[in-house]
Structures are given as structure tokens and as C-alpha cells.
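Read off the chains here:
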Amino acid sequence: MVRKMIILVAVAVAAMGGTAGAVVSPSPSPQAVTQQDRDFLVQAHQSNLTEIESSKTALEKTAGQQDRKVTKTVRKLAKRFIKDHKKLDKAVRRVADQLGVKLPDTPNTEQRKQLDQLSALSGAEFDRAWISAELHGHHETLAAVEQEIENGSSPEVKKLATVAKPIVQEHIDLLLKAERASTPSPSESAGPSESPSLPESPSPSES
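Residues numbered from 1 in each chain as written. Predicted model: local features only at pLDDT ≥ 70, side-chain atom pairs only at ≥ 80, totals over all residues. Heavy atoms only, no water.

1. Quick word on the overall build of the protein
No. 1: Looking only at helices and strands, the protein has 7 helices and 0 strands in total.
No. 2: Across the protein, helices and strands are ordered from the amino to the carboxyl terminus as α-α-α-α-α-α-α.
No. 3: Counting the 207 residues in the protein, one finds 33% classified as buried.
No. 4: Nonlocal contacts in the protein, meaning residues at least 24 apart in sequence, comprise 79% of its contacts between residues at least 6 apart. (Helix = DSSP H or I, 4+ residues; strand = E, 2+ residues; numbered from the N terminus. Buried < 20%, exposed > 50% of the residue type's maximum accessible area, 1.4 Å probe, protein only. Contact = heavy atoms within 4.5 Å.)

2. Here we look at the side chain of D127
No. 1: For D127, the position within the fold is in helix α5 (residues 123–151).
No. 2: At 3.4 Å, the side chain of D127 and the side chain of R68 are in polar contact.
No. 3: Each residue touching D127, except ones within four places of it in the same chain, is listed here: T62, R68, V70, T71 and V74. (Polar contact = N/O pair within 3.5 Å; in protein donor to acceptor, adjacent residues only side chain to side chain.)

3. Quick word on the environment of G152
No. 1: Tracing the backbone shows G152 in the loop between α5 and α6 (155–182).
No. 2: Each residue touching G152, except ones within four places of it in the same chain, is listed here: Q36, D37, Q147 and K158.

4. Structural notes on the confidence of the model for the protein
No. 1: Summarising the model, the protein shows a mean pLDDT of 82, and 73% of its residues fall at 70 or more.
No. 2: Mean pLDDT across the secondary structure elements of the protein bottoms out at helix α1 (residues 2–24), with 46, and peaks at helix α2 (residues 35–61), with 98.
No. 3: Below a pLDDT of 50 lies the segment residues 188–207, which in the model reaches 3 contacts outside its immediate sequence neighbourhood of four places, other chains included. (pLDDT = per-residue confidence, 0-100.)

5. Let's talk about the packing of α2 against helix α4 (residues 109–119)
No. 1: The geometry of α2 relative to α4 is characterised by a closest axis approach of 10 Å and an angle of 5° between their N-to-C directions. Taken together, α2 and α4 sit at an angle that is classed as roughly parallel. Where α2 abuts α4, its residues Q46, S47, T50, E53, S54, T57 and K61 lie against Q111, R112, L115, L118 and S119.
No. 2: Class assignment for the residues of the contact of α2 with α4 results in 2 nonpolar, 7 polar and 3 charged. (Axes fitted to C-alpha atoms, helices over the stretch in contact; angles between N-to-C directions. Parallel < 35°, antiparallel > 145°, perpendicular 65-115°, else oblique. Nonpolar A, V, L, I, M, F, W, Y, C, P; charged D, E, K, R; others polar.)

6. Let's talk about the pattern of salt bridges
No. 1: This model, assessed by the stated rule, comprises 7 salt bridges.
No. 2: Between D127 and R68 there is a salt bridge, and its shortest N-O distance comes to 3.4 Å. Within this pair, whereas D127 is found in helix α5, its partner R68 is found in the loop between α2 and α3 (69–99), the two being separated by 59 residues in sequence.
No. 3: Residue D127 is classed as buried on the basis of its relative accessible area of 1%.
No. 4: A relative accessible area of 27% means that R68 is categorised as partly exposed.
No. 5: The closest approach of N and O atoms between R80 and D84, which form a salt bridge, is 2.8 Å. Of the two residues, R80 and D84 are both situated in helix α3; the distance of 4 residues between them amounts to about one turn of the helix.
No. 6: On the basis of relative accessible area, D84 is assigned to the buried category, the value being 14%.
No. 7: A single salt-bridge network, built from bridges that share partners, covers E53, R112 and D116. (Salt bridge = Lys/Arg side-chain N within 4 Å of Asp/Glu carboxyl O.)

7. Overview of the environment of E60
No. 1: With respect to the secondary-structure elements, E60 resides in helix α2.
No. 2: Along the chain, E60 and R75 lie 15 residues apart, while their C-alpha atoms are 9.3 Å from each other.

8. Some points on the side chain of T141
No. 1: Among the secondary structure elements, T141 is positioned in helix α5.
No. 2: The buried category is assigned to T141, whose relative accessible area is 14%.
No. 3: Ignoring any residue separated from it by four or fewer positions in sequence, one finds T141 in contact with S47 and V168.

9. Quick notes on α4
No. 1: Taken together, the buried positions of α4 are Q111, L115 and L118. Buried residues in α4, looked at end-on, bunch into an arc of 60°, giving them a common side. Exposed residues pointing more than 90 degrees away from the buried face of α4 are listed as T109 and E110.
No. 2: Residues of α4 that are buried sit in contact with α2 and α5. (Arc of directions from axis to C-beta.)

Rendered as C-alpha cells:
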């Protein structure tokens with residue numbers, strides 16, 4: 001009887017030991033993320049938020065004003081940017097969540113100021129300012145992307161930058177083309193006295 005009890009206790013202890021071992025076994029530690037990686041995730045996220053909001057503003061400001069060629073281009077680019085930056089930001093948020101990096105909810109102070117300035121404009125002035133602001137923002141993003149590719153440590157974050165680079169570069173190319181189209185040619189910017197004039201047709205009395 002005593003021997004039987006000893007055997008039962010031994011089995012119970014062994015079972016408890018196995019359970020305890022399973023409970024305290026360490027879970028995989030999260031991957032270490034450098035400050036460079038963290039900064040890139042935050043900057044990329046805020047840039048995406050800015051581009052999306054700026055492009056939505058462009059669609060609102062240009063609604064019903066598509067008689068200008070440049071305005072049509074702005075609307076086309078704005079729709080493209082919303083789609084592309086939403087897709088890029090979805091990937092940024094997924095990786096940030098995996099790596100435990102907390103992202104801000106809004107653009108930074110300077111980006112917010114720029115968005116407010118754009119909101120105060122309209123017409124052709126808005127078109128030119130929007131293109132200029134988008135070029136500035138995309139150039140900053142491209143610089144951050146290239147820095148992450150060169151100096152980043154996390155494979156996941158570096159992959160984000162690698163995927164984003166050709167998209168951001170294509171946006172810049174499209175914006176440069178739009179900027180050239182929005183710049184008045186010398187003949188258009190010349191004053192009335194400098195504009196070439198066509199010879200007047202003779203009036204019926206002169207013919």
C-alpha cells in the first residue's frame with residue numbers, strides 16, 4: 001500500500017514538473033530594433049498620412065474645376081497617391097506592430113502646418129502649391145528610404161524601404177512632369193506688349 005502511494009506521488013510530481021516546465025519555458029524574444037529602424041517606421045508612417053490627407057484635399061479643392069489641364073493632372077495624381085500610400089502604410093503598420101514600435105496618430109508639426117497652408121489656397125495657385133509640396137515631401141521620403149536601405153538593421157524594415165523606393169521615385173517623376181506642365185511658358189508669362197500679335201484681317205470697308 002505504501003509502495004503504491006509512493007508511486008502515485010512520484011507520478012504526480014513528474015506531471016507537475018512537466019507542466020511547470022511548459023509554463024516557464026521562455027517565449028521567443030522580440031527582435032531587437034535599432035533607433036534607425038524605429039525612426040524610419042515613424043517617418044514613413046507620418047509621410048504616408050500626410051500624402052493621403054494632402055491628396056484628399058486636392059480632390060476636394062479641384063472638384064468641378066477640371067477645365068484646366070494642370071488641375072486634371074493634379075486630380076489624377078491625387079487618386080494615385082491615395083491608393084499607393086494607403087498600401088505602403090498598411091505594410092508599415094503591420095511591421096511596426098510585429099516589432100513593437102508605437103506609431104503616432106497624426107502627421108508631425110511641420111507636415112500639419114503645410115497641410116493647413118494648402119487648405120487655404122484654391123484654383124491654379126493651389127495646383128502649383130500642391131505639386132511643389134508633394135515634390136518636397138516625396139524627396140524627403142526618398143532620402144529616408146535610401147538611408148534605411150543603407151543603415152537599417154531589421155530585415156523587415158529594410159524590405160519596406162526597398163519596396164517603397166521605386167514607388168516613391170515614380171511619384172517624383174510624375175510630379176516633375178506635372179510641375180513642368182504647370183509652369184507658364186515664356187510666351188504665356190510675357191506682358192501684353194511683348195506678346196506676338198497676329199495681323200488684323202481687313203474690315204469689309206477696307207477690302
